[in-house]
Amino acid sequence: MTDKGEDWVINPEWKEEIKQAFANNKTIEELFMDDNFLHTIYECSMYAFDSFREVQVVIDAKEKLFITHGTGGFVWFGDGEEEGMQLPIKCWIHTHPNMTAYFSGTDWNTIRTWKPMMQSAIVLGGDERQTNQRMMWTKGEQHTIFFKRGHNMDNETPTSWKTMESEKV
């Protein structure tokens with residue numbers, strides 16, 4: 001793996017900002033609609049580093065946050081960052097900075113691998129015009145859900161998109 005050098009970080013408080021935005025005891029659906037928490041994660045992936053970096057937040061069974069960053073296209077845990085994580089994972093959240101929110105092939109492989117030990121996954125994305133896009137997978141559901149704010153959609157409920165046959169988990 002490529003070294004995640006601390007020289008990438010330009011906002012040393014980025015992890016603390018994410019932790020402060022988190023509110024415990026939310027259902028998966030409430031978490032998916034938590035604009036403050038999810039927007040904070042996405043903003044960190046866009047502005048806390050020397051360039052766009054994927055940010056990963058895992059909420060474990062005890063609602064403890066495990067936070068890390070990676071390159072612009074890949075994120076991982078290393079050097080014991082995941083130590084103490086309690087399974088099952090309540091939610092795996094990661095960003096696609098400056099891109100549409102979608103589950104990539106790598107993301108679907110991760111979901112398939114962790115499905116027995118993971119309840120949900122959220123991917124965050126956006127661009128200069130729309131920074132509030134998200135897609136969610138929930139264990140046991142037949143569809144993923146895509147949601148975006150902006151362009152007169154602020155008062156709409158999430159739109160359900162049928163998961164593509166090749167992406168079924």
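Computed from a predicted model, the values in this text were never measured in an experiment. (Residues numbered from 1 in each chain as written. Predicted model: local features only at pLDDT ≥ 70, side-chain atom pairs only at ≥ 80, totals over all residues. Heavy atoms only, no water.)

(A) Structural context of the overall build of the chain. Secondary structure summary: the chain contains 4 helices and 7 strands in total. Reading the secondary structure of the chain in the N-to-C direction produces α-α-α-β-β-β-α-β-β-β-β. Counting all 169 residues of the chain, 47% fall into the buried class. Look at the contacts in the chain between residues 6 or more apart in sequence, and 56% of them connect residues 24 or more apart. Accessible surface for the chain amounts to roughly 8800 Å². Of this, 48% is attributable to carbon and sulfur atoms. (Helix = DSSP H or I, 4+ residues; strand = E, 2+ residues; numbered from the N terminus. Buried < 20%, exposed > 50% of the residue type's maximum accessible area, 1.4 Å probe, protein only. Contact = heavy atoms within 4.5 Å. Areas by Shrake-Rupley, 256 points an atom, 1.4 Å probe, with all protein chains shown as cover.)

(B) How the structure looks around unusual backbone geometry. Geometrically, the link from L87 to P88 is a cis peptide bond, its omega value of 5° lying close to zero. Here P88 lies in the loop between β2 (65–69) and β3 (91–96). The backbone phi angle of N25 is positive, close to 65°, even though this residue is not glycine. By the element assignment, N25 lies in the loop between α1 (14–21) and α2 (28–32). Backbone geometry at E63 places phi at a positive 65°, although glycine is not the residue there.

(C) Region of interest: the pairing of strand β1 (residues 55–59). The element β1 is extensively covered by neighbouring structure, given that 5 of its 5 residues are classed as buried. The alternating pattern of β1 places V55, V57 and I59 and Q56 and V58 on opposite faces, both of which are buried. Hairpin connection of β1 to β2: 5 residues between the antiparallel strands, including E63 at a positive phi of 65°. Direction of pairing for β1 relative to β3: antiparallel, over a ladder of 4 bridges. (Pairing = 2+ DSSP bridges.)

(D) Representation of the confidence of the model for the chain. Residues with a pLDDT of 70 or more make up 82% of the chain, whose mean pLDDT is 84. Note on residues 151–167: pLDDT is under 50 here. Beyond four places in sequence and across chains, it has 29 contacts. (pLDDT = per-residue confidence, 0-100.)

(E) Just the pattern of salt bridges, in detail. Taken as a whole and assessed by the stated rule, the structure comprises 4 salt bridges. With a closest N to O distance of 3.0 Å, K26 and D34 form a salt bridge. Look at D34 and you get buried, because its relative accessible area is 8%. Between K90 and E63 there is a salt bridge, and its shortest N-O distance comes to 2.6 Å. Separated by 27 residues along the polypeptide, K90 in the loop between β2 and β3 and E63 in the loop between β1 and β2 bring together distant segments of the chain. Judged by relative accessible area, which is 13%, K90 ranks as buried. For E63, a relative accessible area of 16% puts it in the buried group. (Salt bridge = Lys/Arg side-chain N within 4 Å of Asp/Glu carboxyl O.)

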